[in-house]
Amino acid sequence: MKLKHYFLLLAVGIVLLAGVALFATFRSHPTLFYVTEGFVVLILFYLWYFYRKTIRPYDTLIGGMELVRELDLTTRLAPSGQHETDIIVRTFNDLLGRLRSEHLRLEEQYTFLNLLIDASPMGVIQCDLDGNTTSMNPAAREMLSPSIEETIHALPLGETTTVRIPGGPQLFRISHLSFPDRGFQHPFFLIESLTSEIRLAEKAAYERVIRMIAHEVNNSVAGIIGSLTGDEAERLTALSSFVSRFAEVVKIPQPQLQLCDLSEEVEACRPFLENLCTQAHVRIDFCLTDEAIPVHLDTVLFQQVLINIVKNAVESIGKATGSCLASDQRSSGRVSGNVTKGLITIEVKTPATLTITDNGHGIPESISKNLFTPFFSTKPQGQGLGLLLIRDILTSHHCTFNLLTDSEDHLTRFTIQFPGTNDTIVVTS
C-alpha cells in the first residue's frame, strides 16, 4: 500500500473521531461543541497542509523513480517549495542529468564501435557464452568458408592460428579472444586476411633467390659451355634454360589494363586452345555469351593465364586416362580419327565470371591447400611455376579465383571472378 493511502486512512479516522465528538457535545455542551468544531476544522486544515508539503512531493519523487526505471531520462522534477523535499529534487535532477549524459556518451561510443566493426576489413564474429554465433560484420560474411568455420569451432579460447583456403591463394589468421561483459568473458573471433602480405613477402623472397641463382648459374655456364661438346654441352644448355624459366616468373610486367569484352578475349584465344587440345585428343567446348561483359584486362597477360589453365587441364586429363582403360573414358567424340580422352569447357557468364571445367584426374583436398604456394608441384618434373604465374597475374588484376574438384560430379573447376566495372562496351556487327 502506498504512503498516501495510509495518510488517507489516518485522515478518515480523525474525521470520524471528530464527528463522534461533535455529536456527543451537540446537546449537552453547546459551548464545547463550537470549540470542538473549531478544533476539527484546524485539524483538517493541518492535514491538507501536511499532504501538500509531504505526501504530494513524495508521490512526485516516486513518479520520477518510475520514469528512471523505464529509462526516460529526459524528465525533470519541479521544486515543491518544501526545503527538505527540494534538496532531494535537486539531487535527483542532477543525478538524472548525469545519467542522461553518460547514457548518450555510451550510445555514441556503441554506435561508433558498430560503424567501425562494419567498416573493418577484419572479420569480427561475436558469440554468446555458449559459443553460438550472435552477429558478424560484412567482412566476416565474405571471408566465411567451411574451412574457416571448422577452424573456429575447434580453436580454444586465447589461441591464434592460420588457415589456407583449399583451391585458392587466400590465407587467414584466426584469433579466439574475449572481452569482459557484466562479469563474464564474452567470446569473439577476429579473422584477418594475410593473403596480400604473405604474397608480397613470398614474392620478394623468391625474386632474390631466383635472381641470385640465375646470375651464378648463367655466368658459370657461359664460361664453360663453349669448351664442351656433345652431351655435356646439351646438359649445360638445358640447365641454363631451366634456370631461365624460373627467372621469367619474376619478370612479369605490371598489367596495362584496358576495357575489353570478356567473351571476345576468350574467343580470340580459341585457335590456340583448340590446337593445344587437338594435339592431346581432348575436346574443348566454349559457352560464351552474346551479352557484352566489360572487364579491365591486359590482353597479353590474360592469354598467358588462359593457356596455362587449359594446359594444366589437358595434363590432368592425360594423367586420368593414362591410368584407365579405354572403355572407362568419360566423354565421347572423335578428333583426328581418335577417341577423345576428355572434355574441357570454357564458360563466360555474368557477373564477369570465367570458369574452366575439366573431367581430368581431379585435385585431392590435401593438395588443394598448397596449389598456389610458390614452386609447389605434384608433377615428377614440375617446377611449380604455372600456378605461381597465374596467381601473380590474376592478383595484379584484382581478381578472386579458386581451383577445386567438386565432390559430387568430380569435375575440376578453375573459377575467376573479375572486379566489377560500370563502363559499357558498344558491340558493332
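What you see is a predicted model; the values in this text were computed from it and never measured.

Further remarks concern the side chain of Glu 265. Locating Glu 265 in the fold gives a position in helix α8 (residues 262–268). Although Glu 265 lies buried, it forms no salt bridge, and the closest oppositely charged side chain, Arg 270, sits 13 Å away as judged by the N-O distance. Ignoring sequence-local partners within four residues, the contact set of Glu 265 consists of Cys 260, Leu 297, Thr 299 and Phe 302.

Okay, the pattern of salt bridges next. Side-chain pairs of opposite charge can arise where the charged atoms are in close proximity. Scanning the model with the defined rule gives 10 salt bridges in all. A salt bridge links Asp 94 to Arg 98; its shortest N-O distance comes to 3.3 Å. Linking Asp 94 with Arg 98, this pair stays in helix α3 (residues 83–119), spanning four residues, or about one helical turn. Note on Arg 98: relative accessible area 56%, which makes it exposed. For Glu 267, the salt bridge identified is with Arg 270, shortest N-O distance 2.9 Å.

A sheet is described by the order of its strands in space; here five strands give the open sequence β7-β11-β12-β14-β13, paired in mixed fashion. Lying at the two open borders of the sheet, with one neighbouring strand each, are β7 (282–287) and β13 (400–405). Adjacent strand axes in the sheet meet at a mean angle of 10 degrees when their direction is disregarded. Note: strand β11 (residues 342–349) against strand β12 (residues 353–358), six bridges, orientation antiparallel. The residue of β12 that forms the bridge with Glu 347 is Thr 355. In this fold helix α9 (residues 270–279) packs onto β7 and β11, with an angle of close to 155 degrees to the strand it touches most, β7.

Here α3 is 37 residues long and its end C-alpha atoms lie 54 Å apart, about the 54 Å a rise of 1.5 Å per residue gives. When α3 is considered as a whole, its buried residues turn out to be Thr 85, Asp 86, Val 89, Phe 92, Asn 93, Leu 96, Gly 97 and Ile 117.

Tracing the sequence through the fold places Thr 412 in strand β14 (residues 412–417). The class of Thr 412 is buried, set by a relative accessible area of 4%. One polar contact links Thr 412 to Thr 405, side chain to side chain, over a distance of 2.8 Å. Those residues within four positions of Thr 412 in sequence are excluded, and the remaining contacts are Ile 356, Thr 357, Asp 358, Gly 362, Ile 363, Leu 403, Leu 404 and Thr 405.

Moving on: a nonpolar patch on the surface. Residues Phe 45, Trp 48 and Tyr 49 make up a contiguous nonpolar surface patch of roughly 360 Å² in combined accessible area. Structurally, Tyr 49 is set in helix α2 (residues 30–69).

Below, the discussion takes up the sheet that holds strand β3 (residues 160–164). Pairing within the open sheet is antiparallel, and its five strands lie in the order β2-β1-β5-β4-β3. Unpaired on one side and paired on the other, β2 (133–136) and β3 mark the two borders of the sheet. The sheet shows a mean angle of 25 degrees between the axes of neighbouring strands, taken without regard to direction. Inspection of the sheet shows β3 paired to strand β4 (residues 171–181) by five bridges, in the antiparallel sense. Bridging from a neighbouring strand, Thr 162 pairs with Arg 173 of β4. Along the sheet, helix α5 (residues 146–154) contacts β1 (123–127), β3, β4 and β5 (184–193); its crossing angle with β4, the most-contacted strand, is approximately 40 degrees.

With that settled, the discussion passes to helix α12 (residues 386–396). Extensive coverage of α12 is indicated by the burial of eight of its 11 residues. Taken as a whole, α12 has its buried residues at Leu 387, Leu 388, Leu 389, Ile 390, Arg 391, Asp 392, Ile 393 and Leu 394.

Time to look at unusual backbone geometry. Residues Thr 350 and Pro 351 are joined by a peptide bond in cis, for which omega reads 5 degrees. Among the structural elements, Pro 351 can be located in the loop between β11 and β12. Unlike most non-glycine residues, His 398 shows phi in positive territory, near 60 degrees. Its location among the elements puts His 398 in the loop between α12 and β13. A positive phi angle, near 60 degrees, is found at His 410, a position not held by glycine. Relative to the assigned elements, His 410 resides in the loop between β13 and β14.

This part takes up the confidence of the model for the protein. Confidence in the prediction for the protein averages 78 pLDDT; 73% of positions are at 70 or higher. No element of the protein has a lower mean pLDDT than strand β9 (residues 334–335), which averages 42, and none a higher one than β12, which averages 94. Note that residues 325–337 has pLDDT below 50 and, in this model, 21 contacts with residues that lie over four places away or in other chains.

Glancing now at the packing of aromatic side chains. For the coordinates displayed, the defined rule picks out three aromatic pairs. Ring centres of Phe 179 and Phe 188 lie 5.8 Å apart, and the angle between their planes is 50 degrees; on these two criteria the pair is classed as tilted. Its relative accessible area of 30% is what places Phe 179 among the partly exposed residues. Judged by its relative accessible area of 15%, Phe 188 falls in the buried class. Stacked on the ring of Phe 286, the Lys or Arg Arg 270 has its end atom at 4.2 Å from the ring centre.

Thresholds, definitions, all that
Residues numbered from 1 in each chain as written. Predicted model: local features only at pLDDT ≥ 70, side-chain atom pairs only at ≥ 80, totals over all residues. Heavy atoms only, no water. Helix = DSSP H or I, 4+ residues; strand = E, 2+ residues; numbered from the N terminus. Buried < 20%, exposed > 50% of the residue type's maximum accessible area, 1.4 Å probe, protein only. Lys, Arg positive; Asp, Glu negative; His and termini not counted. Salt bridge = Lys/Arg side-chain N within 4 Å of Asp/Glu carboxyl O. Contact = heavy atoms within 4.5 Å. Pairing = 2+ DSSP bridges. Axes fitted to C-alpha atoms, helices over the stretch in contact; angles between N-to-C directions. Expected span 1.5 Å × (residues − 1). Polar contact = N/O pair within 3.5 Å; in protein donor to acceptor, adjacent residues only side chain to side chain. Patch = residues over 30% accessible without salt bridge, like charges linked within 9 Å, V, L, I, M, F, W, Y side chains within 5 Å. Areas by Shrake-Rupley, 256 points an atom, 1.4 Å probe, with all protein chains shown as cover. pLDDT = per-residue confidence, 0-100. Phe/Tyr/Trp six-rings, centres within 6.5 Å; stacked < 30°, edge-to-face > 60°. Lys NZ or Arg CZ within 6 Å of the ring centre and 35° of its normal.

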